[in-house]
Structures are given as structure tokens and as C-alpha cells.
Amino acid sequence: MGWYALGYPFHPTGKPDTLRTEHLAAIDAPGVICQGTRDPFGHREEIEGYGLPCTISLHWLEDGEHDFKPRKASGKTREGLI
């Protein structure tokens, strides 16, 4: 059995030093977090340095925000990212 999270809030907006990750190490089941690369609750550059447990896989939605909505200039759509 495993779990998944869509747009995990790794930290409050604008407070990247206030992490919400401590409990993740205690979860025994493998998990997948789908995260937009521009998510204000944790974007790719931040999260890659968190040292998450190896039981957690990250799936990146390129140019997506927390709701997976990309910028219009990207030429992508939310539906296409999902």
C-alpha cells in the first residue's frame, strides 16, 4: 500500500525555512508527491535540498503552481500537466 499527495505544502508561502517535512520520515509506506515546479509552498530548487526519505518519489509538473496551473506563456495547460 502507498500514498500520494497532489501539491504538498512543504512550507507556508514565503517562509521556506518553516518546513513541514519532519513527519514524512516516519511514514513507512512509499509515496509519490506531484508538485508544480513553481509551487509557492515548495518549488523544485527548494525541495531537492530537503533530503526527503528515499521512500518518497517526486513527480514534477513543469511550470505548474500549487494548483498545477502553468503560465500562459509556457504553452502548457493544467489538463496537459496532469
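What counts as what
Residues numbered from 1 in each chain as written. Predicted model: local features only at pLDDT ≥ 70, side-chain atom pairs only at ≥ 80, totals over all residues. Heavy atoms only, no water. Buried < 20%, exposed > 50% of the residue type's maximum accessible area, 1.4 Å probe, protein only. Helix = DSSP H or I, 4+ residues; strand = E, 2+ residues; numbered from the N terminus. Pairing = 2+ DSSP bridges. Contact = heavy atoms within 4.5 Å.

Q: Lay out the pairing of strand 2 (residues 31-36) in plain terms, naming residues and giving numbers.
A: Counting buried positions over the six residues of strand 2 gives five, a clear majority of the element. Pairing between strand 1 (residues 3-6) and strand 2: four bridges, direction parallel. Residue pairing in the sheet places Trp-3 in a bridge with Gly-31 of strand 2. Bridge analysis of strand 2 against strand 3 (residues 56-61) gives six bridges, and the strand direction is parallel.

Q: Got a sec to walk through the side chain of Thr-21? Specific residues and values, please.
A: Take Thr-21: it is sitting in the loop between strand 1 and strand 2. Given a relative accessible area of 17%, Thr-21 falls into the buried group. Other than its neighbours up to four places away in sequence, Thr-21 contacts Phe-10, Tyr-50 and Leu-52.

Q: Describe in detail unusual backbone geometry, supporting the description with residues and values.
A: Although it is not a glycine, Asp-63 sits at a positive phi angle of roughly 75°. On the secondary structure map, Asp-63 appears in the loop between strand 3 and helix 2 (78-81). In the Ramachandran plot, Phe-68 falls in the positive-phi region, its phi being about 70° despite a non-glycine side chain. Along the chain, the position of Phe-68 falls in the loop between strand 3 and helix 2.

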